[in-house]
Amino acid sequence: VHRRTLEGFASWCTYVANARRCGCSGSLDPDELRSYAQKIVYNSSRSASRLFAECLLLRVMESIGEQMLQCPERLAFLLFKIFQDAGGMHDDNEPTTFLIDMDKLHDGLSQMNMHANPYQRKKMPNGKWELGLNFDDINESGIQCREEVAKTFKEPASVMVLLDFVISYRIPIMIKVYCLVVAGYIFLGSKLGNDITTAHNGSLFQPKWLRMNYIQYTAMGDAMAWMGLELALICYMTYQRWPSLGRHSPGIPGMKWYLQHLINFGFSLVGLY
């Protein structure tokens, strides 16, 4: 029961401990995180009363946290802090006091109550103009080990929605374009239209005249299309994930990601020549 109840917390500990660029505070020691995860996975030697207390602590946090139940990663981060303040996850039966800070537990909910529109900036009590929070931001703040909840993702709006659609489906879109290009190439040798455009252009594998020009123009168009897509992808991802750059959580581009797409952009650029 204990292992099942705290399996999410154990997964969070393992993920954060293995993160290379977590951006967390210095108090989160990877070895300590791994030891916490081990104490949950291999708990047969620990006292039943201690296991019950740890399960009860999480259930109490979920109960009084209300909507924070929808943000398990944030709860995991706060639970780790509580264990850390209590001296760690001991194996003995010594009395332990677990302190739940209600302000930290509800951090993000009060901001959502004042301003929940993620598409509009509003001046908050801290004096900053901020976009509205949502539960995804609160949850991801826990993955990123933020002491305070903050905006982690910019939702697309207006023309950005169209750009997001094109970028997300760029592979299927380009496959359809390639099919159209192949169909056009076949048509130029089909002799079904004007003799000037559909005849005397060579065979399928020995193109001449318009087919040769068609291959050159479509190759240039393909290179330009991928240059545009790669550049748009780099700029859009940087804009969208700017609040989280340098931290570790799913979907945040790192140096390896940027290098890969810059290389793709470079190959497309070379293709124009």
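Residues numbered from 1 in each chain as written. Predicted model: local features only at pLDDT ≥ 70, side-chain atom pairs only at ≥ 80, totals over all residues. Heavy atoms only, no water.

S.K.: What's the story with the overall build of the chain in this structure? I'm lost.
M.R.: Within the chain, the secondary structure is distributed over 13 helices and two strands. Taking 2.2 N^0.38 as the reference for a compact globule, 273 residues should give roughly 19 Å; the C-alpha atoms of the chain span a radius of gyration of 28 Å, well beyond that estimate. A principal-axis box enclosing the C-alpha atoms of the chain has dimensions of 95 × 45 × 30 Å. For the chain, the share of sequence-separated contacts (at least 6 apart) that also reach a separation of at least 24 residues comes to 63%. Surface accessibility of the chain: about 16300 Å² in total, with carbon and sulfur atoms responsible for 62%. (Helix = DSSP H or I, 4+ residues; strand = E, 2+ residues; numbered from the N terminus. Rg over C-alpha atoms; globule rule 2.2 N^0.38 Å. Contact = heavy atoms within 4.5 Å. Areas by Shrake-Rupley, 256 points an atom, 1.4 Å probe, with all protein chains shown as cover.)

S.K.: Teacher, can you tell me more about the pattern of salt bridges here?
M.R.: Pairs may arise between side chains of opposite charge once their charged atoms sit close together. Tallied over the entire structure, the rule returns ten salt bridges. With a shortest N-O distance of 2.8 Å, Arg4 and Glu7 are connected by a salt bridge. On the accessibility criterion, Arg4 (62% relative accessible area) is exposed. Residue classification places Glu7 among the partly exposed residues on the basis of a relative accessible area of 37%. A salt bridge links Glu62 to Arg59, with the shortest nitrogen-to-oxygen separation between them at 2.8 Å. Taken together, the positions of Glu62 and Arg59, both in helix H4 (residues 48–64) and three residues apart, correspond to about one turn of that helix. Overlapping salt bridges bring together Arg46, Arg50 and Glu54 as one network. (Salt bridge = Lys/Arg side-chain N within 4 Å of Asp/Glu carboxyl O. Buried < 20%, exposed > 50% of the residue type's maximum accessible area, 1.4 Å probe, protein only.)

S.K.: Please explain the nonpolar core as it appears in this structure.
M.R.: Nonpolar side chains in soluble globular proteins generally cluster together in the buried interior. If you look at the biggest cluster of nonpolar residues, it comprises 35 residues, and the most contacted ones within it are Phe9, Trp12, Leu28, Leu33, Met61, Leu79 and Phe83. Counting only elements with at least two residues in this core, the list comes to helix H2 (7–18), helix H3 (30–41), H4, helix H5 (72–85) and helix H7 (109–114). A total of eight residues in this core trace back to one element, the largest contributor, which is H5. In this structure, Phe9 is in contact with Tyr36, Ile40, Ala76, Leu79, Phe80, Phe83 and Met89, ignoring residues within four places of it in sequence. (Core = buried A, V, L, I, M, F, W, Y, C linked by side-chain atoms within 4.5 Å.)

These values are about where atoms sit, not about what they do.
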